[in-house]
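The residues making up each chain are set out below.
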Amino acid sequence: MGEHGPALLGVDVGGTFTDFVLWRDGVVELHKRPSTPDDPSRAVLAGIDEMGVAPGLVVHGSTVATNTVIQRRGARTALVATEGMRDLLIIGRQTRPDIYDLEPVTPDPLVPAERRLELSARLRPDGSVERPAGDAEVRALVRAAVEAGADALAVSLLYAYANAEHEQRFEALAAEAGLYVSLSSRVSPEYREVERTATTVLNAYVGPVMSAYLARLEAGLAERGAGTLRVVQSDGGSATPQRASALPVATLLSGPAAGVAGAFQIARQAGFDRIITFDMGGTSTDVALCDGALPARADIEVAGLPARTPAVDVHTVGAGGGSIARLDAGGALHVGPQSAGADPGPAAYGRGEDFTITDANLVLGRLPPAGLLGGAMALDAARSRRAAESVASAFGGDVEQAARAVLDVAVANMERALRVVSVQRGFDPREFTLVAFGGAGPLHACALAEAVDVPRVLVPMAPGVIAALGAAGSDLTATFARSVLLPLEVSSNAALRDALADAGREAAAQLDRPGAEVQWALDVRYLGQSYELTVELDGIDSDESFGRAAADFHALHEARFAHRDDAAPLEVVNVRATARAATGATAPEPSFGGEPVDAVSVEAWFDGEARQALLVERASLRPGDHLDGPALVSQLDSTTVIAPGWAATVDAQGNLVLERR
């Protein structure tokens, strides 16, 4: 692996399992082990020990920032805002996710009232100083944050995107006081005070947790003689531990982004560039639509809290193998979002008591009798059936019928998610291929494809570790955006070019990799709109590139909103620059050297009746092989269900391509 040493390891930490993909001496090795939610680094280091390797480069898809926000266990954070703006986190945008909810509940702000502080200094909209910041006041605010018990300080001042001078006054003083410092002019130098403040606070809230986690992981890797560590970001690229510690908000969708990137890479090699990714793990399902490229967005929301950061456009629902089935007070069946997780896990794992999606699949015979992880993890079918009694009462005590209902509800939840990223955005699912991965994705792919009328399913060779594969293949990236609020017309081209060049230099400096490629983009809107769309630039040296950006905006606006106005003036809200260094690996060449294993017949339930299904080991399949459903394909990291009426063919890359007969 060049400068990184003889071995490259991709790691993805999930809620139930931690996945590993290792390149060593031209050979690819896969490994899975249960996650350790109390400290994810323990599972990462234990997996490295179990594999007996000291990799030269470890690329890590992390859930630390996400879980910190969801579980509300971040640092005690103080906020310094401009005088009169201390309650922005409470006021927000006054948006209501459900306009018919008479008693909407919004998440409590991450910074309580006693730690929301104000600075009397003030900037004008153009960045000029209206009222300067005094040293005494800055020191007093830092002291007040410490006395209020803060561990981290977020500073978000009006118009700081135009002039960072006042915010930078806090940096050294806060660091001297032992506070983690997050400045909006570094984290999110874009206009819109609510989003910029919320993003800066989120960054401060998770910063100390992420920094401590990465320090433990780096120390553990050093003890084992391993080399460089990188962390996957929400945009599908990766970052050094130093950048991830300084900008942890950029890793909030780390794992899902790595999964989409890995799936898209494999699908393109197989000849499919219009895909819907379906990543079902132990606790959640992530879906994304890739229409020839990774879908991107500039803002995300985690646990009801907004953040302005580049991300792969992924939609998540609480449906995973560990999702718990239960009956409500009226007897209606619900599945998720509560999950049994890795500990105690589904009843089938031998410790839990809850009936989960994994248990339903086991009851219906859709998991291999030998168990998971190639037989290393036994499954307790009798325990699953006992756990099913908690919901079977609604089905006359019929355990199989209850299990089928659980899967039907889970598929309905996932179907809604797929429609959000396809039909609701004007895409016809019939024109796409569903790429199923994650430990549980291939189990439900046929049922989900039928529900949304997708004609074809692609199951990669190693579906359970695609996120780890995507992590290992990620490039180093750094994105820098800044608000400019300039008209998109010839008279502004020089100013736009200067702003883009500055953003490119800043992104390249953050990446700190010689020879990095820089890509530019503009956030554009019709003058007077309150939202914008991002259009890519093919360069910044010619006026023609800005003209093409305007044409691209009109076309994109029409595709997204079904109307355009070519005569309307355009405004550039933000300029964006992304520095990229291609240091990742590509998907491994398929290997078909495994020993063939004779297929056997097992009993599995489909459409309310027990049927004989062929159980085939994935290692026994070769390019050109064909399987008619019902059949189960078992492997170390996942199980694929080929439903009745479906057939599977192995392509030249070893992928299973499932189509309805």
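Remember, predicted model here, so these are calculated numbers, not experimental data.

Asker: So what's going on with a nonpolar patch on the surface? Which residues, and what values?
Answerer: Side chains of Val28, Leu30 and Leu636 sit close together on the surface and give an oily, nonpolar patch of about 180 Å² of accessible area. In this structure Leu30 comes out as partly exposed when scored by relative accessible area, which is 31%.

Asker: Describe the pattern of salt bridges, naming the residues involved and giving the relevant values.
Answerer: Evaluated as defined, the whole model comprises 40 salt bridges. Residue Asp299 is joined to Arg297 by a salt bridge in which the shortest nitrogen-to-oxygen separation is 3.2 Å. A salt bridge links Arg297 to Asp313; its shortest N-O distance comes to 3.4 Å. Here Asp313 lies in the loop between strand E16 (305-312) and strand E17 (315-317) and Arg297 lies in strand E15 (residues 296-302), a separation of 16 residues in the sequence. Take Asp313: its relative accessible area is 11%, and that puts it in the buried class.

Asker: Requested: an account of the environment of Ala508, with residues and values cited.
Answerer: Looking at where Ala508 falls in the secondary structure, it is placed in helix H15 (residues 493-511). Look at Ala508 and you get partly exposed, because its relative accessible area is 31%. The spacing of Ala508 and Asp475 is 33 residues in sequence and 14 Å in space, taken between C-alpha atoms. Residue contacts for Ala508: discarding those within four places in its chain leaves Arg513 and Ala579.

Asker: Describe the pairing of strand E20 (residues 433-437), and please don't skip the residues or the numbers.
Answerer: Of all five residues in E20, five are buried; the element is thus mostly enclosed. Both faces of E20 are covered, namely the face carrying Thr433, Val435 and Phe437 and the face carrying Leu434 and Ala436. Of the strand pairs in this sheet, E20 and strand E21 (residues 456-459) are connected by two bridges, and their pairing is parallel. If you follow Val435 over to E21, its bridge partner there is Leu458. In terms of handedness, the path from E20 via helix H13 (residues 441-452) over to E21 forms a crossover that is right-handed.

Asker: Explain the sheet that holds strand E28 (residues 626-628) residue by residue, including any values.
Answerer: Spatially, E17-E14-E13-E20-E21-E32-E31-E28 is the arrangement adopted by the eight strands of the open sheet, whose pairing is mixed. Two strands bound the open sheet, and with one partner strand each, they are E17 and E28. When strand polarity is set aside, the average angle formed by the axes of neighbouring strands in this sheet is 20 degrees. Helix-sheet contacts for helix H12 (residues 399-421) involve strand E13 (274-280), strand E14 (285-291), E17 and E20, and the interaxial angle to E14 is about 30 degrees.

Asker: Would you mind going over the sheet that holds strand E27 (residues 609-617) in detail, with residue names and values included?
Answerer: Strand order in the open sheet formed by four strands is E26-E27-E29-E30, with mixed pairing between adjacent strands. A single partner strand is all that each edge strand has here, and the edge strands are strand E26 (600-606) and strand E30 (639-642). Sheet twist, expressed as the average angle between the axes of neighbouring strands with direction ignored, equals 30 degrees. Alignment of E26 against E27, held across seven bridges, turns out to be antiparallel. Residue pairing across strands places Phe606 opposite Glu609, the latter belonging to E27.

Conventions adopted
- Residues numbered from 1 in each chain as written.
- Predicted model: local features only at pLDDT ≥ 70, side-chain atom pairs only at ≥ 80, totals over all residues.
- Heavy atoms only, no water.
- Patch = residues over 30% accessible without salt bridge, like charges linked within 9 Å, V, L, I, M, F, W, Y side chains within 5 Å.
- Areas by Shrake-Rupley, 256 points an atom, 1.4 Å probe, with all protein chains shown as cover.
- Salt bridge = Lys/Arg side-chain N within 4 Å of Asp/Glu carboxyl O.
- Buried < 20%, exposed > 50% of the residue type's maximum accessible area, 1.4 Å probe, protein only.
- Helix = DSSP H or I, 4+ residues; strand = E, 2+ residues; numbered from the N terminus.
- Contact = heavy atoms within 4.5 Å.
- Pairing = 2+ DSSP bridges.
- Right-handed = clockwise from strand over helix to strand, strands pointing away.
- Axes fitted to C-alpha atoms, helices over the stretch in contact; angles between N-to-C directions.

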